Amino acid sequence: MSRIEHVIPLIKQKTIRALLEKGERLDGRKPMDFRDVEINVGVIDSAEGSAIVNLGNTMVIAGVKLGMASPFPDSPNSGALIVNAELIPLASPLFEYGPPKEEDIEISRVVDRGIRSSKLIDLEKLVIVTGRKVWFVYVDLYALNHDGNLLDACMLAAVSALLTARKPKTRIEGDHIEILDEKEPIPIGNTAISITFAKIGEYVVVDPTYEEELAMDARLTICYDKEGRIVAIQKGGSGYFTSEEVIDLGKKGLEISRKLISKLPTPLSE
Amino acid sequence: MSRIEHVIPLIKQKTIRALLEKGERLDGRKPMDFRDVEINVGVIDSAEGSAIVNLGNTMVIAGVKLGMASPFPDSPNSGALIVNAELIPLASPLFEYGPPKEEDIEISRVVDRGIRSSKLIDLEKLVIVTGRKVWFVYVDLYALNHDGNLLDACMLAAVSALLTARKPKTRIEGDHIEILDEKEPIPIGNTAISITFAKIGEYVVVDPTYEEELAMDARLTICYDKEGRIVAIQKGGSGYFTSEEVIDLGKKGLEISRKLISKLPTPLSE
Amino acid sequence: MSRIEHVIPLIKQKTIRALLEKGERLDGRKPMDFRDVEINVGVIDSAEGSAIVNLGNTMVIAGVKLGMASPFPDSPNSGALIVNAELIPLASPLFEYGPPKEEDIEISRVVDRGIRSSKLIDLEKLVIVTGRKVWFVYVDLYALNHDGNLLDACMLAAVSALLTARKPKTRIEGDHIEILDEKEPIPIGNTAISITFAKIGEYVVVDPTYEEELAMDARLTICYDKEGRIVAIQKGGSGYFTSEEVIDLGKKGLEISRKLISKLPTPLSE
Amino acid sequence: MKSKLKLIDESGRRIDGRLLDELRPLRFEVGILKNADGSAYIEQGGNKIAVAVYGPREVHPRHQARPDRALLRTKYRMATFSVKDRKSPTPGRREIEISKVIREALEPALLLEKFPRTAIDVFIEVLQADGGTRCASISAAALALADAGIPMRDLVTAVAVGKVDGRIVLDLNHLEDQYGEGDMPVAMMPSLNAITLLQCDGTFTLEEFKEALELAKKGIGVIYEKQREALRSKYLDALKTYRVI
Amino acid sequence: MKSKLKLIDESGRRIDGRLLDELRPLRFEVGILKNADGSAYIEQGGNKIAVAVYGPREVHPRHQARPDRALLRTKYRMATFSVKDRKSPTPGRREIEISKVIREALEPALLLEKFPRTAIDVFIEVLQADGGTRCASISAAALALADAGIPMRDLVTAVAVGKVDGRIVLDLNHLEDQYGEGDMPVAMMPSLNAITLLQCDGTFTLEEFKEALELAKKGIGVIYEKQREALRSKYLDALKTYRVI
Amino acid sequence: MKSKLKLIDESGRRIDGRLLDELRPLRFEVGILKNADGSAYIEQGGNKIAVAVYGPREVHPRHQARPDRALLRTKYRMATFSVKDRKSPTPGRREIEISKVIREALEPALLLEKFPRTAIDVFIEVLQADGGTRCASISAAALALADAGIPMRDLVTAVAVGKVDGRIVLDLNHLEDQYGEGDMPVAMMPSLNAITLLQCDGTFTLEEFKEALELAKKGIGVIYEKQREALRSKYLDALKTYRVI
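Residues numbered from 1 in each chain as written. Chains lettered and ligands numbered in written order. Predicted model: local features only at pLDDT ≥ 70, side-chain atom pairs only at ≥ 80, totals over all residues. Heavy atoms only, no water.

**Some points on the overall build of chain A**
Then, number 1: When you go through chain A residue by residue, the secondary structure sums to five helices and 13 strands.
Then, number 2: For chain A, whose C-alpha radius of gyration is 20 Å, the value lies close to the compact-globule estimate of 18 Å for 270 residues.
Then, number 3: Viewed in the frame of its principal axes, chain A has a C-alpha envelope of about 70 × 45 × 30 Å.
Then, number 4: Residue burial in chain A is summarised as follows: out of 270 residues, 63% are buried.
Then, number 5: Here chain A contributes 33 positive and 41 negative side-chain charges, whose respective centroids are spaced 2 Å apart. (Helix = DSSP H or I, 4+ residues; strand = E, 2+ residues; numbered from the N terminus. Rg over C-alpha atoms; globule rule 2.2 N^0.38 Å. Buried < 20%, exposed > 50% of the residue type's maximum accessible area, 1.4 Å probe, protein only. Lys, Arg positive; Asp, Glu negative; His and termini not counted. Charge placed at Lys NZ, Arg CZ, Asp CG, Glu CD.)

**A look at the environment of E176 of chain D**
Residue and element names in this part refer to chain D.
Then, number 1: Counting through the fold element by element, E176 comes out in helix 3 (residues 174-179).
Then, number 2: In this structure the C-alpha to C-alpha distance between E176 and K48, which are 128 residues apart in sequence, comes to 18 Å.
Then, number 3: Beyond its immediate sequence surroundings of up to four residues, E176 is in contact with L7, R14, R18, V164 and D171. (Contact = heavy atoms within 4.5 Å.)

**Details of the interface of chain F and chain C**
Then, number 1: Taken together, the contacts link 29 residues of chain F with 32 residues of chain C.
Then, number 2: With both sides pooled, the region where chain F packs onto chain C buries about 3000 Å², and carbon together with sulfur makes up 57% of that total.
Then, number 3: Contact with chain C buries surface across chain F, with R93, E97 and L206 of chain F losing the most and accounting together for 21% of the total.
Then, number 4: There are four salt bridges connecting chain F and chain C.
Then, number 5: The salt bridge involving K100 of chain F is made with E106 of chain C; its shortest N-O contact spans 2.7 Å.
Then, number 6: For the pair chain F and chain C, the interface holds 20 residue pairs in polar contact (both at pLDDT 80 or more). (Buried area = accessible area lost by both parts, 1.4 Å probe. Salt bridge = Lys/Arg side-chain N within 4 Å of Asp/Glu carboxyl O. Polar contact = N/O pair within 3.5 Å; in protein donor to acceptor, adjacent residues only side chain to side chain.)

**Considering the nonpolar core**
Across soluble globular proteins, nonpolar side chains have a tendency to be buried as a group.
Then, number 1: Counting residues in hydrophobic clusters, the biggest one holds 138 residues, and the most contacted among them are L141 of chain C together with V186, L198 and F209 of chain F.
Then, number 2: Element by element, the count of residues in this core is highest for helix 3 (residues 150-163) of chain C, at twelve residues.
Then, number 3: Leave out the neighbours within four places in its chain, and L141 of chain C touches V60, I61, A62, V83, N84, A85, E86, V111, C154, A157 and A158 of chain C. (Core = buried A, V, L, I, M, F, W, Y, C linked by side-chain atoms within 4.5 Å.)

**Side note on the sheet that holds strand 3 (residues 47-58) of chain F**
Residues and elements named next belong to chain F.
Then, number 1: In space, the five strands of this open sheet follow the order 1-2-3-5-4, with mixed pairing throughout. The strands lining the two open edges of the sheet, one partner per strand, are strand 1 (26-30) and strand 4 (71-78). The sheet shows a mean angle of 15° between the axes of neighbouring strands, taken without regard to direction.
Then, number 2: Against the sheet, helix 1 (residues 93-106) makes contact with strand 4 and strand 5 (118-128), and its axis sits at roughly 140° relative to strand 4, the strand it touches most. (Pairing = 2+ DSSP bridges. Axes fitted to C-alpha atoms, helices over the stretch in contact; angles between N-to-C directions.)

**Points about the interface of chain D and chain B**
Where interface size is quoted, it is often the accessible area lost as the parts come together.
Then, number 1: The interface is formed by 30 residues belonging to chain D together with 33 residues belonging to chain B.
Then, number 2: Elements with a contribution of two residues or more to the side of chain D that touches chain B: helix 1 (93-106), strand 9 (194-204) and helix 4 (206-236) of chain D.
Then, number 3: Here the side of chain D that touches chain B gets eleven residues from one element, more than from any other, and that element is strand 9 of chain D.
Then, number 4: Counted by class, the side of chain D that touches chain B contains 13 nonpolar, six polar and eleven charged residues. (Nonpolar A, V, L, I, M, F, W, Y, C, P; charged D, E, K, R; others polar.)

**Looking at the arrangement of the chains**
Then, number 1: The two units chain A and chain C never meet; even their closest C-alpha atoms stay 13 Å apart.
Then, number 2: Spatially, chain A is disjoint from chain D: no contact exists, and the shortest C-alpha separation is 18 Å.

**Examining the side chain of K167 of chain C**
Residues and elements named next belong to chain C.
Then, number 1: Examined against the element boundaries, K167 turns out to sit in strand 7 (residues 166-173).
Then, number 2: According to the relative accessible area criterion, K167 is buried, its value standing at 9%.
Then, number 3: Aside from chain neighbours lying at most four places away, what touches K167 is L66, L126, W135, E182, K183, E184, I186 and P187.

**Brief notes about the packing of aromatic side chains**
The geometry of an aromatic ring pair is captured by the separation of the ring centres together with the interplanar angle, meaning the angle of the planes.
Then, number 1: Taken as a whole and judged by the stated rule, the model has 15 aromatic pairs over all chains.
Then, number 2: Pairing Y97 of chain B with F123 of chain E gives two aromatic rings, centres 5.9 Å apart and planes at 70°, and the pair type is edge-to-face. Taken together, the residues span two chains, with Y97 of chain B in the loop between strand 4 (80-86) and helix 2 (102-117) and F123 of chain E in strand 5 (residues 118-128).
Then, number 3: Residue class for Y97 of chain B comes out buried when judged on its relative accessible area of 17%.
Then, number 4: We classify F123 of chain E as buried; its relative accessible area is 7%.
Then, number 5: Taken together, the ring pairs connect F72, F136 and Y138 of chain A into an aromatic cluster.
Then, number 6: One residue, K199 of chain A, lies across the ring of Y240 of chain A, its end atom 4.7 Å from the ring centre. (Phe/Tyr/Trp six-rings, centres within 6.5 Å; stacked < 30°, edge-to-face > 60°. Lys NZ or Arg CZ within 6 Å of the ring centre and 35° of its normal.)

**Focus on the packing of helix 1 of chain D against helix 2 (residues 133-147) of chain D**
All names here are of chain D.
Then, number 1: At a closest axis distance of 10 Å, the pairing of helix 1 and helix 2 adopts a crossing angle of 45°. Taken together, the axis directions place helix 1 and helix 2 in an arrangement best described as oblique. Here helix 1 and helix 2 pass one another in a crossing that is right-handed. Packed against helix 1, whose contacting residues are R94, I98, I102, A105 and L106, the element helix 2 presents T133, R134, S137, I138, A141, A142 and L145 at the interface.
Then, number 2: When the residues that make up the contact of helix 1 with helix 2 are grouped by side-chain class, the tally is eight nonpolar, two polar and two charged. (Parallel < 35°, antiparallel > 145°, perpendicular 65-115°, else oblique. Left-handed = near helix turned anticlockwise from the far one by under 90°.)

See the structure below:
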């Protein structure tokens, strides 16, 4: 029978807290240690950009596809970004197929906000004919194995896929837009990285495993850009943070993000 | 625990019938008394027209929105009317979110028929460019508190919102349609009012409360225009009416509608 | 209470097998006998083509509708075929309304493949203006009574309706396409017929009844064109066939299809 | 209700040649679907409609079951090819509303209390539509219910009346429905003078309304006889094989 | 966040005339919906939002019930006419995400363990939207929960702060939200210094983030007093009839 | 099946350089997903497909459980970016049909009667598609089921054969599938001579059909060996960490 618990046994919860009291975690990490990150880009030929991220035992794949479309009426001079995360049942017995659940949607929207607020893609350079044709950039994320902190893994995968994505060149003749075989990097203006903390009792750890997520009271995700500015925040879970905690985590997250950002691939456009 | 019953206790059903035998009702009304109606229009700035209707403890809000669109292929010289009622769970423990249920749809369609048959809106005056661009008039209705006779409350709200709705003026230059800031009333040609009767045993009452709806065998809604013509009818419920009852209610409804029609706001276009 | 079983009683299953051992079937047929087929075409005036098929007690109706539309981007010089089968609850207590189930979809797709692979319709002759306007041919199938082998009944109905369908003539003047009242047969290039076998234990029968379907281990459907070529195959069910069986059924099916094909209506275009 | 198409000529004949109070050709068949517990088929003018009844049977999902009576469920659906422009296969708001009013038209006639905790399902498939499909569906559904052996207070019989070129006419066809000034579907349990469906669309004065209702009753009387005849012939023909559609 | 619209003038006044740390006009009403177990209504600037609470009540479907606590469910929905361009009636991804963060903003305040195996439903309907609807919804929902008699550790109070023309400002309106450089909704249990909702969009340095959080706490303090006042006046006005929306 | 693209050259080589009876490069990995009870990954030509098996486990909803056997459920899905034009995230009719035929291809091999009242779920995610995904999915799913310890009569092995420029060829790639004259996916339990999936599209004479079937059996033999090898190496590598995709 399946190895994944939906609820954490009380005894394990106690162990986790007892360890935290000593500044330790079940998997041997210190509270502010991020798990090993491995990023492979360009893994999917049919995608314009792609990345597989292994974050400990959490595995996520991102693919970028481009589509030519009419711009949204309220932004005629701008391409569009559409992020879509799916927590598919391949990745965990917790997940089911069906219309996107609130967890899927929350991940999609936080990843979207981080990319959008940081201006990681220069959407205005994705206009083909002003007001008429622009590139839509679709970032589709699939969880392949869920061992906690899917949000940071998804952000890493989405950003890595975008930084290495290429778009076809186009030639415009009169009313006709020709899509050329030649490709160029998509216009990149910044980067974005997210750091997620879990509060378990009075302790806070970074990059929680699935077991730690089961034991946690609340979650705080902070996204930074390459200048170290906060570009998105999302609190989750049924607990709370004090304002001192929040400010402290803002600083700690910045430090961790500076280490993590080096794992991202070099943008093709550089 | 919740104060709303889904089924009426037998004892209350008996009380209701015993009172009706004496020509009385639980809330003190006579069988052919309509509850107090209070209509407030222009309550929503983001809508082109709006109204809140309080009918006893039944409360409904209507909002009118306009959208420019291509006409339906079978009516190139006509704008379009789209009525949509939602019985949201805010209003009663009976309701749930989800795709529209048959109750929501029945209300939408009866309100639509009353407005359409009476030619309350002159849809042909909502053409911007013949065969190419017309105004779509959306009337969206939300139940806020359900204490019976949502249909009449919805009709009052929809009609009040339409009578006081404004549409932007447009200027056409060549192929381009400019939407101006200046607004004008939407073209009004008539009015519509609905009167709903409930048959409880051998008795008939007008404007049933929720408790009376639980006790009723059948329902008859008759809509009239300002000339007193019948423009829509809808029988509901698992009981029946005799043909004598139906003709009698046609007359009684007309009398009641004449009183009620005076509560409607004056059309802006007058 | 309902006369349809969802599961076959063991005793009947044993009877079916015992009979098969003697080369007999419950309804008196030999293993390779198809039931009587009755096809009535032109039964629905509102359709451009239609057919009701009675295959024993299995009854199916097909209607063909045409719609003018933009071609699919990947086939600008071709009309389109869209087949849609619905196993409606009218036909059997096994069926429910709702989004198409996998059984409905399988039938739709096998019928579609048979028609498409055989080039029964010459889709390239359904272009009105190259790259801009083509005819879409919709074939909608409804099961009316399910007594086994719906797939073959659907194929017979779809093909019969198509062979006798007419499309309006069009006249093109500049940018305008006028649909004329005059009609002509849709362009027919071939025909298609499907033969379904059921394997029950070690025996194979053609055209199974519903009871035989309950008793069967696996199903094999082979579609042929009028030249006797195989144009589609579909194995179904949780059992298997040996490769010898498959090749043998390929031959037997061809023989049966040659008899059955004579029941199809003469194409209007001949 | 759009243009000024002339629907009644000088001699008082309607666009299909009928008199004002004349029904369209009407044909019923009972017991045409082998799997159903009861079934019926109606042709009324250009309408072709099949009805199946399943039940009384177990209710799924179970919490919908009623402890004191059968649950009546009706589904009215139009085949995609039943109308001029192909209908989307997904049921629209019109089909959902009509399913509801048909259920409420049939329910008063059924002794549902005889079958507590069960469901009776009525499936209606409109194969070809020519105006008045909800009424034709009701008349056919009543026969299918009788064929299924569901005990009834009376049959239910329906017809649409309407206003065309200012005149009250019986049994509107599709053109009269579309271009006329009013449409009023009526269903009754005829021998009980009980109106179980009443709708209206268009404009009717109170006088016209009364006249229309009278005309509906007259038409319903004729259809009721045809229904009873169809039931009788079902039992005469009980041994034949039906291939009627 | 699109153009260079000037949002703060030379005298430090915002586009609607407010000072940087000034709230918009704010009005609460409690107990406005008769059927709900608790209800509240808020007007904050151009926002008009109604909240109903039903529960504790039975959970359907039953397998969702928790043996040790009540199940809190929240639905945040926008009326189609609450915004400039008609919103589709189907809930979008934004509404689903906001429903989740609102639930998680309210949950820390509720003693859910007092009502095992039940559900508490919070229904939020935005009738008119003008920026900061999620925060206004939370402040109103806390009152509706109190009105329903659900025991709470503290009220929950929320406000959005943001960055506009480079300055940190309180209680963004719709234009500031759209054209500003950052938006940060915050919810707290004020007397417990507990942040129960925190989101952010836009760009903030760590310093700006701290400043924004301080300003949010200040605004929350003011709103908290208004909430408490509304609860008090509810009980004073308990015998009046409400027709407030 | 659209244009007259030349797919086989004068020397009998196919568009990707293969001989008529040559398979594409093929790689299996077993046990790659930590949470699944069994898993496998296949690369076959340009196909990249991950398969997870969960079960035997409890059935939800419960009424779907079978008293005498496990319920086998399969979902075949394509990632949006697995094909040239982004696929819609909602599963299409093609994916639903393929899920069904894959289930019926695997079912004959499984001793489902050993696990009454449980469910065995097979989730297939096509990450990159290059023709023959259903066959590659079946070959990988058989390994994932073996990895999950589900007892089997034999592995199931699949390959597509087809007709290209009039010749019968093995293991169609995407271009051959699209522009060829016929496609025939076949799955077998190889050591039992049992065909568990057979489909076809295109036109085949009876002779071609026989030839195609023979060629399929040949290809299946080769793949079967690779499957068995992958299972063996899984048990050799059992202590390594997999990061194979």
